[in-house]
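The residues making up each chain are set out below.
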Amino acid sequence: MSHLDNIPSTPGKHKPDKAFRFHSSAASSLSKLTLYSTLFLSVLLIFLLLLSPPSSPPSPRRHLSTGSHHTPLSLSHKLIRKSARPRSTTGHTVLVTGAAGFVGTHVSLALKRRGDGVLGLDNFNHYYDPTLKRARQKILEKAGVFIVEGDINDKGLLQQLFDAVLFTHVMHLAAQAGVRYAMQNPGSYVHSNIAGFVNLLEVSKSANPQPAIIWASSSSVYGLNSKVPFSEKDRTDQPASLYAATKKAGEEIAHTYNHIYGLSITGLRFFTVYGPWGRPDMAYFFFTKDIMKGKTITVYESPDKGSVARDFTYIDDIVKGCLGALDTAKKSTGSGGKKRGPAQLRIFNLGNTSPVPVSRLVSILEKILKVKAKKKVVPLPRNGDVEFTHANITLAMTELGYNPTTDLEAGLKKFVRWYLSFYSGSKKKSSW
Ligand SMILES: *[C@@H]1O[C@H](CO)[C@@H](O)[C@H](O)[C@H]1NC(C)=O
């Protein structure tokens, strides 16, 4: 409080003006009283003004708001600690980045429900309708998961979170998703998937103890690989999109941080994840929307007139894979930025092992929605999408106990049920 030194400590040090002498003594003492109380109130006001911002710089305080309603720093810290506290001493303490995202929300809920402590981080960007992210946030808040609104590129913010909480794990699901959008906004892929990831690893490697990292890579790293099914050992040096290239870069960056700093890192290559609360930029989502509206949908076929196929993987199966990865992750070996020994480095496919042609996706949706789709079939443009994906999940099955059980028809039924209740306009809350 050194600022206070510049302010007169007592009003008595100020001599009243000479003019006061000509007033009657009663009037004089009244003036003195007015003067002294004015001075006292000014000092009090200045004191309060100096007290109101915390001694830390103002920007982190702004970041620690919850967005929809700005929460003061002290309250945020309370919410942060409460949210991150596991129910029992054996529970994990997990930072989930991208917590208001599709996979992030489901994973956060699953962790919280089984008793782990979860703190969310999300920047609520406008890549797709943020009202969907806010709706997910509401559900997480009800379950006791607090989301800090901020960017993984904000080192000061990450440092504050790591100072407030000793995370045992980081579930890093924040990313710039989408394959075709990379041609419109390449910078956002570099910003989130490369710079943001490095920033998170920097803060994680300096933590003491270091958390174990589990993060979302992508099946898109297989790119033009034509050997099926895709195995973790297959080549991943022919990405077909900038999105894929940034995810591949992430895998190499993970290797570096594991090698130099002893961070335990597990990468998960997700194969076309779908389900309730999914991303509106994905085909199954906007096909549903457009078929219901009677709008023509564009269906791609490969240049040789073959069908474009995807290994669609239901969200609940993916969540089990994520939790399996977290539970089998070994501790990082370094501390405070120093490596103490070799640490675990893993990569797993999380798919469904059954590629489905997009034409079949459309016919399943037609059946569930009881509406015939208006289709326009065009050749797959060379703008990032690959013709097919097909996961070999042997490794995840043996190491993580991963075992997907939902076929596309059953999963899409659940998606459509959620979609209709969420967008029906009724205020009735859809169940999980
Ligand atoms: C699947 O991957 C495993 C290694 O994880 C490998 O041993 C097996 O041969 C692969 N299966 C096929 C059909 O490629």
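Residues numbered from 1 in each chain as written. Predicted model: local features only at pLDDT ≥ 70, side-chain atom pairs only at ≥ 80, totals over all residues.

J.: When you look at the overall build of the protein chain in this model, what are you seeing that I'm missing?
T.: Along its length, the protein chain carries 13 helices and 13 strands. Within the span of the protein chain, comprising 432 residues, buried residues form 40% of the whole. In the protein chain, of all internal contacts separated by at least 6 residues, the share reaching a separation of at least 24 is 80%. (Helix = DSSP H or I, 4+ residues; strand = E, 2+ residues; numbered from the N terminus. Buried ≥ 20, exposed ≤ 12 C-beta atoms within 10 Å, placed from the backbone. Contact = placed C-beta atoms within 7 Å.)

J.: What is the right way to read the packing of helix α11 (residues 358-369) against helix α13 (residues 408-423) from this model?
T.: Between two packed helices, the angle of one axis relative to the other and the distance separating the axes together describe the packing. Where α11 meets α13, the axes come as close as 10 Å, and the angle between the chain directions of the two elements is 50°. Judged by the inter-axis angle, α11 sits oblique to α13. Pair α11 / α13 crosses with right-handed handedness. For the pair α11 and α13, contact is made by Leu-361, Ile-364, Leu-365, Ile-368 and Leu-369 and by Leu-408, Glu-409, Leu-412, Lys-413 and Val-416, respectively. (Axes fitted to C-alpha atoms, helices over the stretch in contact; angles between N-to-C directions. Parallel < 35°, antiparallel > 145°, perpendicular 65-115°, else oblique. Left-handed = near helix turned anticlockwise from the far one by under 90°.)

J.: Would you mind going over the nonpolar core with me for this structure?
T.: One broad trend across soluble globular proteins is that nonpolar side chains are buried collectively. Ranked by size, the top nonpolar core spans 96 residues in total, and within it Met-171, Ile-214 and Cys-322 carry the most contacts. With residues near it in sequence (within four places) discarded, Cys-322 still touches Val-107, Met-171, Ile-214 and Leu-268. (Core = buried A, V, L, I, M, F, W, Y, C linked by C-beta atoms within 7 Å.)

J.: What's the story with α13 in this structure? I'm lost.
T.: Given 3.6 residues per helical turn, the α-helix brings residues three or four places apart onto the same face. A rise of 1.5 Å per residue sets the reference length of α13, with its 16 residues, at 22 Å; its end C-alpha atoms lie 22 Å apart and thus fit the reference within 8%. Along α13, the positions that sit buried rather than exposed are Leu-408, Gly-411, Leu-412, Phe-415 and Tyr-419. Burial along α13 is one-sided: seen end-on, the buried residues are contained in an arc of 95°. Check the buried side of α13 and you find it contacts β7 (273-274), α9 (283-293), β10 (313-314), β12 (356-357) and α11. (Expected span 1.5 Å × (residues − 1). Arc of directions from axis to C-beta.)

J.: I keep staring at the site of the ligand and nothing clicks. Help me out?
T.: Around the ligand, the neighbouring residues are Pro-229, Ser-231, Asn-392, Thr-394 and Leu-395. Grouping the constituent residues of the shell around the ligand by class yields two nonpolar, three polar and no charged. (Near = placed C-beta within 6 Å. Nonpolar A, V, L, I, M, F, W, Y, C, P; charged D, E, K, R; others polar.)

J.: What is the right way to read helix α7 (residues 186-206) from this model?
T.: Over its 21 residues, α7 runs 30 Å from end to end, which matches the ideal 30 Å to within 8%, given 1.5 Å per residue. Within α7 the residues assigned to the buried category are Tyr-189, Ser-192, Asn-193, Gly-196, Phe-197, Leu-200, Leu-201, Val-203, Ser-204 and Lys-205. Of the surrounding elements, those touching the buried residues of α7 are β1 (93-97), α6 (155-164), β4 (169-172), β5 (212-218) and α8 (242-261).

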